[in-house]
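# Structural description and commentary
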Amino acid sequence: REGLARLDFIQNMEYKFVELLSCNFIASPEDVIRAHICFRYNTLKSRLALVQARLGDVEQLVKVKNPSLLLQLNKAAPSRPAMK
């Protein structure tokens, strides 16, 4: 039974328990799990790079259009270093 698991969803009624759903699981090999983790990590890493690039573009636009607003935003959020 090693590598097997079961997940039960049970609803507690006033006088009885009702089994709503049962799912049986089999453990995946370690290399498959590692591949899934690497894929998710790389996907999030590339998404973060895109969002940071977009934030940099917006910051440059604010810097050109309203420099005083950029200074106020940088003072309000000191945890993020200012873009150059």
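The preceding data block contains the structure.
Residues numbered from 1 in each chain as written. Predicted model: local features only at pLDDT ≥ 70, side-chain atom pairs only at ≥ 80, totals over all residues. Heavy atoms only, no water.

Looking now at the overall build of the protein chain. Helix and strand content of the protein chain: two helices and two strands. By the compact-globule yardstick of 12 Å for 84 residues, the protein chain is too spread out, its C-alpha radius of gyration being 25 Å. Projected onto its principal axes, the C-alpha positions of the protein chain cover 65 × 40 × 20 Å. Buried positions account for 5% of the 84 residues belonging to the protein chain. Of the contacts made within the protein chain by residues no fewer than 6 positions apart, 12% connect residues no fewer than 24 positions apart. Accessible surface computed for the protein chain: about 8,100 Å², of which carbon and sulfur atoms make up 62%. Each charge sign in the protein chain was given a centre, from 13 positive and 8 negative side chains, and these centres are 16 Å apart. (Helix = DSSP H or I, 4+ residues; strand = E, 2+ residues; numbered from the N terminus. Rg over C-alpha atoms; globule rule 2.2 N^0.38 Å. Buried < 20%, exposed > 50% of the residue type's maximum accessible area, 1.4 Å probe, protein only. Contact = heavy atoms within 4.5 Å. Areas by Shrake-Rupley, 256 points an atom, 1.4 Å probe, with all protein chains shown as cover. Lys, Arg positive; Asp, Glu negative; His and termini not counted. Charge placed at Lys NZ, Arg CZ, Asp CG, Glu CD.)

Moving on: the environment of D8. With respect to the helices, strands and loops of the structure, D8 is situated in strand β1 (residues 4-12). For the pair D8 and N24, spaced 16 residues apart in the sequence, the C-alpha separation amounts to 8.8 Å. The residues touching D8, leaving out its near neighbours within four places in the chain, are E19, L21 and S22. Only 2.8 Å separates the side chain of D8 from the side chain of R6, close enough to count as a polar contact. A distance of 2.7 Å separates the side chain of D8 from the side chain of S22, its partner in a polar contact. (Polar contact = N/O pair within 3.5 Å; in protein donor to acceptor, adjacent residues only side chain to side chain.)

A surface patch of nonpolar side chains, about 470 Å² in accessible area, is lined by L7, F9, L20, L21 and F25. Counting residues per element, the ones that place at least two in the nonpolar patch are β1 and β2 (17-26). In terms of residue count, β2 provides more of the nonpolar patch than any other element does, three residues in total. Structurally, L20 is set in strand β2. For L20, a relative accessible area of 54% gives the class exposed. (Patch = residues over 30% accessible without salt bridge, like charges linked within 9 Å, V, L, I, M, F, W, Y side chains within 5 Å. Salt bridge = Lys/Arg side-chain N within 4 Å of Asp/Glu carboxyl O.)

In terms of strand pairing, β1 meets β2 through nine bridges, oriented antiparallel. Of the residues in β2, the one forming a bridge with F9 is L21. Between the antiparallel neighbours β1 and β2 lie four residues. (Pairing = 2+ DSSP bridges.)

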